[in-house]
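# Structural description and commentary
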Amino acid sequence: MAFTAKDVQALREKTGAGMMDCKKALVETDGDMDKAIDFLREKGLASAAKKASRVAAEGTVAAYNDANAGALVEINCETDFVAKGAPFIGLAKKVVETVAAVKPADLEALLATKAIGSDKTVEEEVQEVFLALRENMKVRRFALVEGHTSTYIHAGGTVGVIVAFNTDDATAAKDEFAAMGKNVAMQVAAMNPEYLCKDDISAEELAKMESITVDSALNKPDTLPMPILTSLINEAIDGKKWSDEDISIYQGLDQKQRKNFVNFISKEAYATLSELAVSHKAEISENKIFAGLVQGRLSKQIKEVCLLEQPFVRSDLFDGAVSGYVASVAKALGAEISVEKFVRFEKGEGIQKKEDNFAEEVASMM
């Protein structure tokens, strides 16, 4: 069966494949359009398998939400150029809308699901875009949260967030609620909390955080309470654990200078103080002043890692913690609103990117 240039163009429009690939497919299938499409898909699958080992750390995170649920999808590719192109962005949009509509159980189910507005599965849709762009790409993960949600995408798909709220339908439909939800989602994107609130931190994790805080304080003796620090310095001097030069320098400092003694003594002398502090860990840990210092630092850490405890970044709107901001909006609306959970995807997180050394590459070629 003969074919024309118009047939090649038509095949290209249907598949998105390159002109030469379309021509070859029509040659191989004797001009049969349907067989040519199958030929391109089979060839694409083989090519995709060959490229599957190539690192795909670029890509995008897409979000979608309606009155019933919110969804996030991360799709990866090899280059930022492809990630910013319309075909790839369109694919991400189609996949995330499919997640929200179909609510697949897992990634395997999602790939086997018919994509929204298409007669192809999600896996086939990915394959179609691969045929056009020729880069290793894959749907890496998705999240689905049912109920009243807000979503936010930062920097064109670098970070995506869903925040779920517990409130009534009437409140969720208000513009004030939508604005609040977006602001909280932006907070998650910017501050990257690990937990919703302190109650979500396990006793084991809290104990670990406290232990690290204690060790950190002991290894920075100049931050210890003055009575403890003075005792350590006296032990270093009386026990001749500092060099004569360091002892002489310290003893020559006035009271104001001693507050910044670290700037005057040697690194070795400071390291000795740290070793002394660590050696007295059990004793120092029993000190009430030190225990208060540790709890203060631990509370500060909790405020950093727990969303509801974090200072609200939009201080122009509210001066206080995120929980206070949500409560203030709820009060203004005369409703009850609580934050139930959040999900945050950062494009490429956890993927080991290949570091290319151009000089070495050229040298190896020569």
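These numbers come from a predicted model, not from an experiment. Each residue is numbered by its place in its chain's sequence as written, counting from 1. Local features in this predicted model are restricted to residues of pLDDT 70 or higher, and side-chain atom pairs are both shown and tallied only at a pLDDT of 80 or more, whereas totals for entire chains, interfaces and linings draw on every residue. Calculated side-chain values reflect all of the structure's heavy atoms, with hydrogen atoms and water omitted.

## Comments concerning the side chain of E125
Counting from the N terminus, the helices are DSSP H or I runs at least four residues long and the strands are E runs at least two residues long. With respect to the helices and strands, the residue E125 is situated in helix α7 (residues 122-133). Contacts were defined at the residue level, with two residues in contact if any of their heavy atoms lie within 4.5 Å. If near-sequence neighbours (up to four positions away) are discounted, E125 is found in contact with L91, K94, A115, S118 and K120.

## Here's the deal with the packing of helix α9 (residues 175-191) against helix α17 (residues 322-333)
Helix axes use the C-alpha atoms of the stretch in contact, all axes being lines fitted to C-alpha atoms, and the angles between their N-to-C directions lie in the range 0 to 180 degrees. The N-to-C vectors of α9 and α17 enclose an angle of 175 degrees; their axes lie 10 Å apart at closest approach. As far as their axial angle goes, α17 and α9 are roughly antiparallel. Mapping the contact onto sequence places E176, F177, A179, M180, N183, V184 and Q187 in α9 and V322, Y325, V326, V329 and L333 in α17. Of the residues in the contact of α9 with α17, the class split is 9 nonpolar, 2 polar and 1 charged. Any angle that is under 35 degrees is reported as roughly parallel, and any over 145 degrees as roughly antiparallel; angles of 65 to 115 degrees are reported as roughly perpendicular and all others as oblique. Each residue gets one of three labels, nonpolar for Ala, Val, Leu, Ile, Met, Phe, Trp, Tyr, Cys and Pro, charged for Asp, Glu, Lys and Arg, and polar for the others, Gly among them.

## Remarks on the packing of aromatic side chains
Centres within 6.5 Å are what make two rings of Phe, Tyr or Trp a pair, Trp counting through its six-membered ring; a difference in plane orientation under 30 degrees is then read as stacked, over 60 as edge-to-face, and the rest as tilted. Under the definition given, this model contains 5 aromatic pairs. Look at F165 and F177: their rings are 5.3 Å apart centre to centre, the planes differ by 75 degrees, and that puts the pair in the edge-to-face class. Taken together, the positions of F165 in strand β5 (residues 159-166) and F177 in helix α9 put the pair 12 residues apart, joining distant regions of the chain. For the pair shown, F165 and F177 are each scored as buried. Seen in terms of ring centroids, Y250 and F261 are 6.1 Å apart; in terms of plane orientation they differ by 85 degrees. Their pairing is edge-to-face. On the criterion of sequence distance, the pair formed by Y250 in helix α12 (residues 244-251) and F261 in the loop between α13 (255-258) and α14 (267-279) is long-range, its members being 11 residues apart. Comparing Y250 with F261 shows no difference in burial state: the two are buried. One aromatic cluster in this structure is built from W242, Y250 and F261. For each residue, the accessible area found with a 1.4 Å probe, counting protein chains only, is set against the maximum for its type, and the residue is called buried under 20%, exposed over 50%, and partly exposed in between.

## Describing the pattern of salt bridges
Salt bridges, as used here, are contacts in which a Lys or Arg side-chain nitrogen is within 4 Å of a carboxyl oxygen on Asp or Glu. Enumeration over the complete set of coordinates arrives at 11 salt bridges. The residue E58 makes a salt bridge to K347 at a minimum N-O spacing of 3.2 Å. One end of the pair, E58, is in strand β1 (residues 58-65); the other, K347, is in the loop between β6 (338-346) and α18 (358-365), with 289 residues separating them in the sequence. There is no split in this pair, since E58 and K347 are both buried. The closest approach of N and O atoms between E125 and K94, which form a salt bridge, is 3.5 Å. Placement of E125 in helix α7 and of K94 in helix α5 (residues 86-102) is noted, with a sequence separation of 31 residues between them. In this structure E125 comes out as buried when scored by relative accessible area, which is 10%. Through salt bridges with shared partners, a single network forms among E74, R140, R141 and E349.

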